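Reading the structure
One letter stands for each residue in the lines below.
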Amino acid sequence: MSNSSSISHFLLLPLADMRQLQLLHFCLFLAALLANGLIISAGACGQHLHSPMFFFLLNLALTDLGSICTTVPKAMHNSIWGSRHISSTGCAAQVFLIVFFLGTEDFLLTVMCYDCYVSICKALHYGTLLGSRACAHMAAAAWASGFLTALLHTANTFSLPLCQDNALGQFFCEIPHILRLSCSDTYLREFGLLAFSTSPFLGCFVFMLFSYVQIFRAVLRIPSEQGRHKAFCTCLPHLAVVSLFISTGTFAHLKPPSISSPSLDVVVSVLYSVVPPALNPLIYSLRNQELKDALRKMMTVSFQKQ
């Protein structure tokens, strides 16, 4: 029985034979870099984009950039150079960072759901409940929770003894694929940790579900059709992002083993780790005139300086 600490490297799933997937990776990576970079620049430079929603959107863009930069560059490097290797240290770093950024994103989406709830159901108390200090505390709590979750999973995963080889059936170091290399008893130990750690995420899901029930009830009580439409448009981008994040992540980790295959695992992993960072900025900017105006103004000023 070998231990994970004795393995100097892991072998990732090669993408050299999947040209369409390579092209998709490259296009989504560029789209995520450009879109999230623009969101961050607009949020940092726009004087009128300092509301709680834009503050949390700025944090969400940072997590999206972090998550996609954790997995895609290494996969693209291996594809170009025809390599499959990643060091054990690099693998541990990937596990930590992907759990850190995705965990933080889940907590941030919960906070943004609270923002939608207060803006519609507690509009008169919005400034009190979501002041600058409260927003900073909630964002810091989200990042700290993501950090602790990542630290717990990384430490436990790489303390497991491995009974199999070092080949991973994924293009990045993903915990379920590392667990497949471990012994049955240690797998049960990690499964217990996974079950325990899902409780905060389950709590986030229940909170968001309860909040949207209250939001829809409040919206349906608005007498004017224009008011109802405006309220729905306020929460529609968040609801779309949450649905994309939860549906892809849930299917990736809870799909039946009977339908699991290397190609399906790769496609599903792309759906939850690569697609959301590229689509989230588009979803939020489509129906947000303030954000579109800020982006247009920033790009106009940039071109005029040239």
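Look above for the structure.
Residues numbered from 1 in each chain as written. Predicted model: local features only at pLDDT ≥ 70, side-chain atom pairs only at ≥ 80, totals over all residues. Heavy atoms only, no water.

**Quick notes on helix α3 (residues 88-121)**
With 34 residues, α3 should reach 50 Å at 1.5 Å per residue; the first-to-last C-alpha distance of 49 Å fits that figure. Most of α3 is tucked away, with 25 of its 34 residues classed as buried. (Helix = DSSP H or I, 4+ residues; strand = E, 2+ residues; numbered from the N terminus. Expected span 1.5 Å × (residues − 1). Buried < 20%, exposed > 50% of the residue type's maximum accessible area, 1.4 Å probe, protein only.)

**So, the environment of A140**
Within the fold, A140 resides in helix α5 (residues 132-157). Overall, A140 belongs to the partly exposed group, its relative accessible area being 44%. Taking the C-alpha atoms as reference, A140 lies 9.7 Å from L108; in sequence the two are 32 residues apart.

**Comments concerning the side chain of E105**
Along the chain, E105 turns up in helix α3. The residues touching E105, leaving out its near neighbours within four places in the chain, are L60, T63, D64, F245 and N280. (Contact = heavy atoms within 4.5 Å.)

**Regarding the state of the cysteines**
All told, the structure shown has one disulfide when counted by the stated rule. Between the sulfur of C91 and that of C173 lies a disulfide, 2.1 Å long from S to S. Handedness here is read from the sign of the S-S torsion; for C91 and C173, about -125°, the answer is left-handed. One end of the pair, C91, is in helix α3; the other, C173, is in the loop between β4 (161-162) and α6 (175-179), and 82 residues separate them in sequence. The exposure class of C173 is buried, given its relative accessible area of 0%. (Disulfide = S-S within 2.5 Å.)

**Thoughts on the side chain of T71**
You can see T71 is positioned in helix α2 (residues 52-81). On the basis of relative accessible area, T71 is assigned to the buried category, the value being 0%. The contact partners of T71, leaving out residues within four places of it in the chain, are Q94, I98, F171 and F172.

**Observations regarding a nonpolar patch on the surface**
Together, L202, F205, V206, L209 and V213 give the surface a local cluster of nonpolar side chains, amounting to about 460 Å² of exposed area. Inspection of the secondary structure assignment puts V213 in helix α7 (residues 184-220). Here V213 falls in the partly exposed class, since its relative accessible area comes to 42%. (Patch = residues over 30% accessible without salt bridge, like charges linked within 9 Å, V, L, I, M, F, W, Y side chains within 5 Å. Areas by Shrake-Rupley, 256 points an atom, 1.4 Å probe, with all protein chains shown as cover. Salt bridge = Lys/Arg side-chain N within 4 Å of Asp/Glu carboxyl O.)

**Here's the deal with the packing of aromatic side chains**
In total, this model carries eleven aromatic pairs according to the counting rule given. Geometrically, the ring pair formed by F171 and F172 is edge-to-face, given 4.9 Å between the ring centres and 70° between the ring planes. Like F171, the residue F172 is buried in the burial classification. Pairing F216 with F232 gives two aromatic rings, centres 5.8 Å apart and planes at 40°, and the pair type is tilted. Here F216 is found in helix α7, whereas its partner F232 is found in helix α8 (residues 225-254), with 16 residues between them in sequence. Assessed through its relative accessible area of 36%, F232 is described here as partly exposed. These aromatic residues form a ring-pair network of at least three members: F96, F100, F101, W143 and F147. (Phe/Tyr/Trp six-rings, centres within 6.5 Å; stacked < 30°, edge-to-face > 60°.)

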